[in-house]
Amino acid sequence: MSATTSALAHGASSIAGTRLKNANGKKTTTSNERSGRRGQRHVVMASENKDPILLRAARGEEVERPPVWLMRQAGRYMPEFRAYSEKYPFRHRSETPEIAIELSMQPWRAFKPDGVIMFSDILTPLPALGVEFDVVRGKGPVVEPVRLMEDVKKLKTLDDPDASLPFIRPILSTLRKEIEGQSTMLGFIGAPWTLAAYAIEGKSDRHLVVTKQMMTKNPEILHAFLAHLAEALGAYVCHQIDCGAQVVQLFDSWAHHLSPQQFAEFSHPYNERVMEIVRAKYPDTPLIFHANGGHGKLHEIKRSTADVIGLDWETDMAEARSIMPDRILQGNMDPMYLFASEERIRKEVANNVRDAGNSKHILNVGHGVVQGTPEGNVGVFCDAARASVYADMKAPAR
């Protein structure tokens, strides 16, 4: 269950800003106009330096076409990836910099997507908090359970990620150097709700029986756990940015287990806390929020202050655009179309770009690339995005 992240940043504003250096030593223009509300920025001007297109799009700048990347773009559909996954266990691959760098670069060398996401997992920070996990072949994640208030109180804080997660810096910093100026470096985390549910269940579970019982019988334990995770994940995102990430995606992979009301109580506030922590230190780094199972919760998700809203494949892109006309949207082609003909893939990309409004859009699949996907079809998807030049496309009727 490897994850990916995705990508944003924010650009120069028409309102005078202050010159400062970001974590990578690069000067940027930050301004007092950043609203921070509902993820909207008053930023449409092109930056003076020609940053990668995904980064510019995430900032809200006008771009010539939709940038493209794919969730789980480093995955078992690629034979060269399988050569590693068949030889080494997951944590060895994700926590050995040389291997993680190679796996992250494989799809970029093959398809040149506009974003490169580090090969890692949403569960990666848990051991630094005192919660061990492993990914067992044929079984999936096995996590040390956190179920009692005493368990929550024993959790560690993420005070020194260079010490507790020493592999992150060499992975991100090396990847950033490899792709500098050609693609956007993406980091990612799992959202607090998703990580809490994994840890409470101790595994992947289709019903979340233990978690849902805690939600209804002992909500104070769940809220305490979520609050602790939000603080740690905020620090983890800041660390990723310090190491070279230009955009970071928050994956709420298990949002589909929540009703809109439950999402509003157990997911949204803690996602916002993560972003609040990050923006206090890195206000210029764009953040993407992707909820798997966001369909049916669009009005709740609209409240997110993320710079980019990721949509799953079950969401109607045109409906999402009507609800969020001014937001930057990401997604959301059904990844199963990657098994179709080249003609059909190009048609679905065109439909998706059209429904997104031919602007304010980062093209992606609405879920991770599936094992068995023809590798060449991922290339077709990326090529179709590069061919979707807005100036050549007819604007959709509104």
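Placed above this text is the structure.
What counts, and at which threshold
Counting of residues starts from 1 at the beginning of each chain's written sequence and follows it residue by residue. Local features are withheld for residues below a pLDDT of 70 in this predicted model, meaning they are given only at 70 or higher, and side-chain atom pairs are given and counted only at 80 or more; totals for whole chains, interfaces and linings count all residues. Side-chain measures were taken over the full set of non-hydrogen atoms in the model, leaving aside hydrogen atoms and water. For two strands to count as paired, DSSP must find a minimum of two bridges between them. Counting from the N terminus, the helices are DSSP H or I runs at least four residues long and the strands are E runs at least two residues long. Axis geometry follows a simple rule: fit a line to the C-alpha atoms, using only the stretch in contact for helices, then measure angles between N-to-C directions, giving values from 0 to 180 degrees. Note on definitions: a residue-residue contact is assigned when non-hydrogen atoms from the two residues lie within 4.5 Å. When a carboxyl oxygen of Asp or Glu lies within 4 Å of a side-chain nitrogen of Lys or Arg, that pair is called a salt bridge. Relative accessibility under 20% of the residue-type maximum defines a buried residue, over 50% an exposed one, and the middle range a partly exposed one, all with a 1.4 Å probe and only protein chains included. The term nonpolar core refers to a set of buried residues drawn from Ala, Val, Leu, Ile, Met, Phe, Trp, Tyr and Cys, joined through side-chain atoms within 4.5 Å.

**Concerning the sheet that holds strand β6 (residues 184-190)**
Thinking step 1. In space, the seven strands of this open sheet follow the order β3-β6-β7-β8-β9-β10-β11, with parallel pairing throughout. Unpaired on one side and paired on the other, β3 (115-117) and β11 (361-365) mark the two borders of the sheet. If you compare each strand with its neighbour and ignore which way they point, the axes differ by 25 degrees on average.
Thinking step 2. The pairing of strand β8 (residues 287-291) with strand β9 (residues 308-310) spans three bridges and is classified as parallel. Paired with His290 across the strands is Gly310, a residue of β9.
Thinking step 3. The sheet contacts of helix α7 (residues 168-179) involve β3 and β6, and relative to β6 the element is tilted by about 150 degrees.

**A closer look at the pattern of salt bridges**
Thinking step 1. Enumeration according to the criterion identifies 18 salt bridges in this entry.
Thinking step 2. Residue Glu64 pairs with Arg56 through a salt bridge whose shortest N-O separation is 3.9 Å.
Thinking step 3. The class for Glu64 is partly exposed, based on a relative accessible area of 40%.
Thinking step 4. Between Glu95 and Arg91 there is a salt bridge; the shortest N-O distance is 2.8 Å.

**As for the nonpolar core**
Thinking step 1. By size, the foremost hydrophobic cluster in this structure holds 122 residues, and its most contacted members are Met118, Trp193, Leu222, Phe225 and Phe381.
Thinking step 2. The element that contributes the greatest number of residues to this core is helix α10 (residues 219-243), accounting for 13 residues.

**Considering the pairing of β11**
Thinking step 1. A large share of β11 lies buried, amounting to five of its five residues.
Thinking step 2. A two-sided burial pattern is seen for β11, the buried positions comprising His361, Leu363 and Val365 on one face and Ile362 and Asn364 on the other.
Thinking step 3. Where strand β10 (residues 328-333) meets β11, five bridges bridge the pair, whose relative direction is parallel. Each bridged residue has a counterpart across the sheet, and for Leu329 the counterpart in β11 is His361.

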